[in-house]
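Chain by chain, the residues run as shown.
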Amino acid sequence: MHVKKIVPVVLLIICCQSSLFAQSKNNLYADLTINNLGTSVTYDRRIKKHFDLGIGVSLNDFYGDPYHNIKFAAFLDFRPYKVVRRNLFFGIIDVGMMFYGGRIPEPSKASLGPNSPYLGLGIGYGVRINKRGMGPYISLGIDGDMTHQITHNASLAPEARDYIVIDAELVLAVGFKF
């Protein structure tokens, strides 16, 4: 007798879940970077007809950086897009904070700030495989940040010891939009 009461509740939950995923108001973008070891995940919500707003995180390991080669970014994502038949064209504007990890310099050489402002700009193209818009995509962008560094070299003038390094990395990524 209890099974008869549970089955309609389970069917109702399944129907609600499938109708929730049939909506195109919420989007999840997950990708892997090709040119370096990294990943990012962005959750967006449709604000206007051709504009999404959301939050995201990315984690990259840049081998070329001598210090702080592991970078974690938390950001707001602004994503204008255009749908043409089965094609999805979109822009990427990310604004947030970058946090650093990995190897740090010897204390006698320099001090580095633990975080900095972050900006990511890019474009992307995706193929929609269903009406909701799910499908694979590729994107090309630039991730930039500013690191505050203080060099402990006594031979330099005081104004030359404290400086900001502006760093930008080209990011080519492949992913899937859920």
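Residues numbered from 1 in each chain as written. Predicted model: local features only at pLDDT ≥ 70, side-chain atom pairs only at ≥ 80, totals over all residues. Heavy atoms only, no water.

The helix and strand inventory of the protein chain stands at two helices and nine strands. The N-to-C order of helical and strand elements in the protein chain reads α-β-β-β-β-β-β-β-β-α-β. Across the 178 residues in the protein chain, those meeting the buried criterion constitute 33%. The long-range fraction of contacts in the protein chain, counting pairs at least 24 apart against all pairs at least 6 apart in sequence, stands at 54%. Of the roughly 11,100 Å² of accessible surface on the protein chain, 70% is carried by carbon and sulfur atoms. (Helix = DSSP H or I, 4+ residues; strand = E, 2+ residues; numbered from the N terminus. Buried < 20%, exposed > 50% of the residue type's maximum accessible area, 1.4 Å probe, protein only. Contact = heavy atoms within 4.5 Å. Areas by Shrake-Rupley, 256 points an atom, 1.4 Å probe, with all protein chains shown as cover.)

Scanning the model with the defined rule gives four salt bridges in all. The salt bridge involving K71 is made with D145; its shortest N-O contact spans 3.5 Å. Of this pair, K71 sits in strand β4 (residues 70-84) while D145 sits in strand β8 (residues 135-151), and the two are 74 residues apart along the sequence. Exposure class is identical for K71 and D145. Each is buried. Since its relative accessible area comes to 4%, K71 is described here as buried. Salt bridges linked by common partners bring D44, D77 and R79 together as one network. (Salt bridge = Lys/Arg side-chain N within 4 Å of Asp/Glu carboxyl O.)

To continue, consider the confidence of the model for the protein chain. Of the residues in the protein chain, 83% have a pLDDT of 70 or more, and the chain-wide mean is 83. The secondary-structure element of the protein chain with the lowest mean pLDDT is helix α1 (residues 2-22), recorded at 49, while strand β7 (residues 115-127) shows the highest, at 95. Low pLDDT, under 50, characterises residues 15-23; the stretch is placed with three contacts to residues that sit more than four places away or in other chains. (pLDDT = per-residue confidence, 0-100.)

Along the chain, the position of D77 falls in strand β4. With relative accessibility at 0%, the residue D77 sits in the buried group. Within polar-contact distance, the side chain of D77 engages the side chain of R79 at 2.9 Å. Residues contacting D77, with those up to four places away along its chain left out, are T42, D44, D52, L53, G54, I55, I92, I93 and D94. (Polar contact = N/O pair within 3.5 Å; in protein donor to acceptor, adjacent residues only side chain to side chain.)

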